[in-house]
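Read off the chains here:
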Amino acid sequence: MNTADVHIMLAPMEGVADFVLRDVLTRIGGYDAAVSEFVRVSGSVLPERTYERICPEIGNGSRTAAGTPVAVQLLGSDPALLGENAARLAALSPHGIDLNFGCPARVVNRHGGGAMLLDEPVLLNRIAAAVRRATPAHIPVTAKMRLGVSDPSRALECARALADGGVQALVVHARTKAQGYRAPAHWEWVARIRDGLAVPVVANGEVWSVGDWERCREVGGGRDVMLGRGAVSDPWLALRIRGARNPVPSCEDWLALRPFIAQYWAGVQKRAAPVHACGRLKMWLNMLRRHWGEAEGLYRAVCALGDAGEVSAVLRGHGIAC
């Protein structure tokens, strides 16, 4: 199977795929692009340092150390304010500006952001149009949406509203807000949206393996995919989809992953307080347990620890130089 022309993106995952993990995953490779965690826009035009904090890649030409382009994601519900912030962000020359209509978190939704806006396609159109007007033509404006708040009956209407507002590509997380992250993902809706739009549509949701991607491609009608939790639990997944890595996780993969765990641990300690750094590492190890028994043992060994020095000692005991 020729997968050379598949476009693979790393998803924005609030509280998960921060700058450090984006760096690690894109060093492992296989990604054409990535999107940052969201920048919440509410009540003011944010200073440049806010964008630089959430997306430090801006200081590297909007690319990770491995060279992967990174778009910055905005989340909010005020078209004028989002437009003003997009103009401020555009001055920093991001690879792109992405709009978040997919976050299902209550703390986000109760303030009128994320997936809750999928009940208001007219507002979606106004937001997209305001951001597109405020953004120079050479910077792409894209969006990520779910299928709806509680059902997908307005999914195509929302997608068209975004495209008509000027969004140049759309990622569809094939679940509703109410569904959260529960299986299954309804990839058939990706096909319906793709058929109804003239802009590129990328599938997202419930792709954990090469087999999942193949089924997503068949049902969703397109090769392109945005990988989220599947990429975090299997850092080689993008390369597996491309046929550049063995198709299923192996012991050899775990050995190859150990230096990247050390890199992540070093990086996260520089950006977070020790207790939070420990929590970030545990989160990643917890997700890696899906594929590797070695990760299971390591996670169990550190799960009760809150001291960075003790965690480092355990990592070294498991062959991870740090």
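Structure's up top.
The rules behind each value
- Residues numbered from 1 in each chain as written.
- Predicted model: local features only at pLDDT ≥ 70, side-chain atom pairs only at ≥ 80, totals over all residues.
- Heavy atoms only, no water.
- Pairing = 2+ DSSP bridges.
- Helix = DSSP H or I, 4+ residues; strand = E, 2+ residues; numbered from the N terminus.
- Axes fitted to C-alpha atoms, helices over the stretch in contact; angles between N-to-C directions.
- Contact = heavy atoms within 4.5 Å.
- Parallel < 35°, antiparallel > 145°, perpendicular 65-115°, else oblique.
- Left-handed = near helix turned anticlockwise from the far one by under 90°.
- Buried < 20%, exposed > 50% of the residue type's maximum accessible area, 1.4 Å probe, protein only.
- Polar contact = N/O pair within 3.5 Å; in protein donor to acceptor, adjacent residues only side chain to side chain.

Visitor: Describe the sheet that holds strand β1 (residues 8-10), and please don't skip the residues or the numbers.
Guide: Here eight strands make up a closed barrel; going around it, the order is β1-β2-β3-β4-β5-β6-β7-β8 and the pairing parallel. Taken over all neighbouring pairs, the strand axes of this sheet differ in orientation by 30° on average, direction set aside. Across the sheet, helix α1 (residues 19-28) touches β1, β2 (33-40) and β3 (70-75), and the angle it forms with β2 is around 170°.

Visitor: So, the packing of helix α13 (residues 293-302) against helix α14 (residues 308-317): which residues are in play, and what are the values?
Guide: Where α13 meets α14, the axes come as close as 10 Å, and the angle between the chain directions of the two elements is 155°. The angle between α13 and α14 falls in the class roughly antiparallel. Crossing handedness for the pair α13 and α14: right-handed. Where α13 approaches α14, its residues L298, A301 and V302 are matched on the opposing element by V311, V314 and L315.

Visitor: Outline the side chain of R175, supporting the account with residue identities and numerical values.
Guide: In this structure, R175 sits in the loop between β6 (170-173) and α7 (187-196). Owing to a relative accessible area of 1%, R175 belongs among the buried residues under this scheme. A distance of 3.2 Å separates a polar side-chain atom of R175 from the backbone oxygen of Y181. Apart from the residues within four sequence positions on either side, R175 is in contact with R146, L147, G180, Y181, R182, A183, P184, A185, G205, E206 and R229.

Such coordinate-based values are descriptive only and should not be taken to indicate function.
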